[in-house]
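A look at the structure
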Amino acid sequence: MARMSADERRESVIRAAMHEFARGGYYGTSTEAIAKRVGVSQPYLFRLFPNKQAIFLAAVARCMADIRLVFEEAAKDLQGADPFKVLGEAYIQLIADHPDKLQMQLQTYVTVAAAEAAGEPEFGEMVRAAWMELWDTVHVPLGADADATTTFMAYGMLINTLAAMGFPPEHRVWEGCYAAVQADSDAGSAPAAGPGVGADAGAGTDAGAGPGAGVAEG
């Protein structure tokens, strides 16, 4: 078997880090656990990344980039279809297939908030920039309308919270959420979420989920 290049090994570290950080968070995950999952030593890990923070930020960047790519691809095939529905369904499928994407996002918000409280705003600079790239990616397909984009992302954060607290899909708290999630819930799936979700942003608009909602098969 051919040996992995440094770039390939770095990619393996990023993927392993996303898995570990998604479950343990920044402060609860050791670099030893990441190295073990990749199958390398800690000294080798730090040949690829200068420190734990750099590994975490690389994992965040990859998570956000993966989500952004899903939106970019979905936006290519709108062809007059409702962008809320198309983008939302694409994101729901992503979260269903890759739940780490949801968990990593939630851990990211906690980590940035802790850093801000500790007077370390630079920790969140890259994260905020990556999140704004997500915003800009859906902003154009949603008609470059700030209100529509805000609604799309805001519903995602609500669904993040409800899903994280474990509300079952049949609970009345979901009744005010957008139609796409309710339909999936009625089908027996359990809602999950990411950084933003679509809702009915105007008369006649069929709602969808954005970078903040997904469905994990129950």
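See the structure shown above.
Okay, so let's go over this structure. (Residues numbered from 1 in each chain as written. Predicted model: local features only at pLDDT ≥ 70, side-chain atom pairs only at ≥ 80, totals over all residues. Heavy atoms only, no water.)

1. Observations regarding the nonpolar core
- In this structure, Phe21 and Met104 are the most contacted members of the largest nonpolar core, which totals 46 residues.
- Elements represented by at least two residues in this core include exactly helix H1 (6-28), helix H2 (31-38), helix H3 (42-48), helix H4 (52-75), helix H5 (83-97), helix H6 (100-117), helix H7 (122-139) and helix H8 (146-164).
- Of all the elements, H4 adds the most residues to this core, at twelve residues.
- With near-sequence residues (within four places) excluded, phenylalanine 21 lies in contact with Tyr26, Thr29, Ile34, Lys52, Ile55, Phe56, Ala59, Met104 and Gln107. (Core = buried A, V, L, I, M, F, W, Y, C linked by side-chain atoms within 4.5 Å. Buried < 20%, exposed > 50% of the residue type's maximum accessible area, 1.4 Å probe, protein only. Helix = DSSP H or I, 4+ residues; strand = E, 2+ residues; numbered from the N terminus. Contact = heavy atoms within 4.5 Å.)

2. Observations concerning the packing of aromatic side chains
- For the structure on display, the rule yields nine aromatic pairs.
- Plain terms: the ring middles of tryptophan 131 and tryptophan 135 are 6.4 Å apart, the flat faces sit at 35 degrees to each other, and that makes the pair tilted. Of the two residues, tryptophan 131 and tryptophan 135 both sit in helix H7, four residues apart, roughly one turn of that helix.
- Clustering of aromatic rings is evident, with ring pairs tying together Phe21, Tyr26, Tyr27, Phe56 and Phe123.
- A cation over a ring is seen here: lysine 52 above tyrosine 26, with NZ or CZ 4.8 Å from the ring centre. (Phe/Tyr/Trp six-rings, centres within 6.5 Å; stacked < 30°, edge-to-face > 60°. Lys NZ or Arg CZ within 6 Å of the ring centre and 35° of its normal.)

3. Looking at the environment of tryptophan 131
- A relative accessible area of 21% means that tryptophan 131 is categorised as partly exposed.
- In the structure, tryptophan 131 is positioned 66 residues away from alanine 65 in sequence and 9.5 Å away in space, judged by C-alpha atoms.
- A distance of 3.3 Å separates a polar atom in the side chain of tryptophan 131 from a polar atom in the side chain of tyrosine 109. (Polar contact = N/O pair within 3.5 Å; in protein donor to acceptor, adjacent residues only side chain to side chain.)

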